[in-house]
Amino acid sequence: MKKIVVLISGSGSNLQAIIDATANDQHCRVVGVLSNRESAYGLERAKKAGIETAVVDHTHFDSRLAFDSALMEQIDAWQADLVVLAGFMRILTDEFVQHFSGRLLNIHPSLLPKYKGTNTHQRALEAGDTEHGCTVHFVSEELDGGAAIIQAATDIEQGDTVDSLIQKVHQLEHQIYPLAVSWFASERITLENNRVFLDGSPLGETGYLYRV
Ligand code: GRF
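Residues numbered from 1 in each chain as written. Predicted model: local features only at pLDDT ≥ 70, side-chain atom pairs only at ≥ 80, totals over all residues. Heavy atoms only, no water.

### Brief notes about the sheet that holds strand β8 (residues 189-192)
Strands sit in the order β8-β9-β10 across an open sheet of three strands; the sheet is antiparallel. Both outer strands of the open sheet, β8 and β10 (201-202), are each paired with one neighbouring strand and no more. Pairing geometry for strand β9 (residues 195-198) and β10, over two bridges, is antiparallel. When the bridges of β10 are listed, leucine 198 appears paired with serine 201. (Pairing = 2+ DSSP bridges. Helix = DSSP H or I, 4+ residues; strand = E, 2+ residues; numbered from the N terminus.)

Below is the structure:
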């Protein structure tokens, strides 16, 4: 049984999708939810599901490394096999990333390698893109640059706005993140030399293409 720890800063709708999807999964369960903000609604979701929570407030630390060390300590206390970033709004140090190398996942709201960083929906609209989406990837030291596991796309239609795209992409996120987690938990995906293999076959740069 693989132990999952989820890191959040806000609403935690991806956390909820993962809690729901793993509720009856024999391979994994969410054992802890960690937030850097006391007010994150995701903490309520965790409590409702009977999952342990912890808050490590970044404003109480005077360096990134001191904050990350406190995070690592809590995550290790939960003996995490997999660490899932789900709307965790802090940039992590290389030390943290290396500590959880090969067992640290993130979801990013763009079709990576397009639009690393913030304001992805706005940037896709401004570029006149015809599609947009999200990507689950292993985390590496490069921001939003780790090997992709799975990606889902939606058409950008006339009249779409930042808000409508956020909603469409969130719906996709709630499908592909639990799937990536279940693949990891059942050891269907592996990471070798920054390349992801699914059931032994190498995936391309954008990961597995999920079709809705
Ligand atoms: C998602 O859009 C995700 O792509 C980004 O942060 C957001 C988290 O949303 N990394 P939620 O807290 O899971 O609702």
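Additional details are given in the paragraphs that follow.
### A few points about the site of the ligand
Surveying the vicinity of the ligand reveals the residues Ser11, Gly12, Ser13, Asn14, Gly87, Ile107, Pro109, His170 and Glu173. One of the backbone nitrogen or oxygen atoms of asparagine 14 is found 2.8 Å away from an oxygen atom of the ligand. Within the side chain of glutamate 173, an N or O atom sits 2.6 Å from an oxygen atom of the ligand. Against a free-state accessible area of 370 Å², the protein chains account for coverage of 83% of the ligand. Secondary structure elements with two or more residues in the shell around the ligand: α1 (13-22) and α6 (162-185). The residue makeup of the shell around the ligand, split by class, is two nonpolar, six polar and one charged. Lining the shell around the ligand are residues from two domains, each supplying at least three of them: domain 1 (1-100) and domain 2 (107-212). (Near = heavy atom within 4 Å. Polar contact = N/O pair within 3.5 Å; in protein donor to acceptor, adjacent residues only side chain to side chain. Areas by Shrake-Rupley, 256 points an atom, 1.4 Å probe, with all protein chains shown as cover. Nonpolar A, V, L, I, M, F, W, Y, C, P; charged D, E, K, R; others polar. Domains from an automatic or database assignment.)

### A few points about the sheet that holds strand β4 (residues 82-85)
Ordered by their spatial adjacency, eight strands build an open sheet running β3-β2-β1-β4-β5-β6-β7-β11, and the pairing between neighbours is mixed. Each end of this open sheet is capped by a strand with a single partner; those strands are β3 (52-55) and β11 (208-210). Here the strands of the sheet are splayed against their neighbours by 20° on average, with no regard to which way each runs. Note: strand β5 (residues 104-108) against strand β6 (residues 131-138), four bridges, orientation antiparallel. If you follow histidine 108 over to β6, its bridge partner there is threonine 135. (Axes fitted to C-alpha atoms, helices over the stretch in contact; angles between N-to-C directions.)

### Looking at α1
With seven of ten residues buried, α1 is to be regarded as a mostly interior element. Among the residues of α1, those classed as buried are Ser13, Asn14, Leu15, Ala17, Ile18, Ile19 and Thr22. Buried positions along α1 lie against β1 (2-8), β2 (28-35), α2 (42-48), β4, β5 and α6. (Buried < 20%, exposed > 50% of the residue type's maximum accessible area, 1.4 Å probe, protein only. Contact = heavy atoms within 4.5 Å.)

### Here we look at the environment of aspartate 163
Relative to the assigned elements, aspartate 163 resides in helix α6. Along the backbone, aspartate 163 and methionine 89 are 74 residues apart, and their C-alpha atoms lie at a distance of 19 Å.

### What to know about the packing of α1 against α6
Two packed helices can be described by the angle between their axes and the distance between those axes. Packing of α1 against α6 brings their axes to within 9 Å, and their N-to-C directions diverge by 45°. Relative to α6, the element α1 is oriented oblique. Seen along the crossing, α1 lies across α6 with a hand that is right-handed. Note on element contacts: α6 touches α1 through His170, Glu173, His174, Tyr177, Pro178 and Val181, opposite Ser13, Asn14, Ala17, Ile18, Ala21 and Thr22. (Parallel < 35°, antiparallel > 145°, perpendicular 65-115°, else oblique. Left-handed = near helix turned anticlockwise from the far one by under 90°.)

### What about the pattern of salt bridges?
All told, the structure shown has six salt bridges when counted by the stated rule. Across the pair lysine 168 and aspartate 160 runs a salt bridge, and its minimum N-O distance is 2.7 Å. Connected through shared salt-bridge partners, Glu157, Asp160 and Lys168 make up one network. (Salt bridge = Lys/Arg side-chain N within 4 Å of Asp/Glu carboxyl O.)

### Re helix α3 (residues 64-77)
Here α3 contains 14 residues, and its C-alpha end-to-end distance of 20 Å stays within 8% of the 20 Å for a straight helix at 1.5 Å per residue. Against β1, β2, β4 and α4 (94-99) lie the buried residues of α3. Among the residues trailing α3, glutamine 79 stands out with phi positive, at a value near 55°. (Expected span 1.5 Å × (residues − 1).)

Any functional reading would require information beyond the geometric quantities listed.
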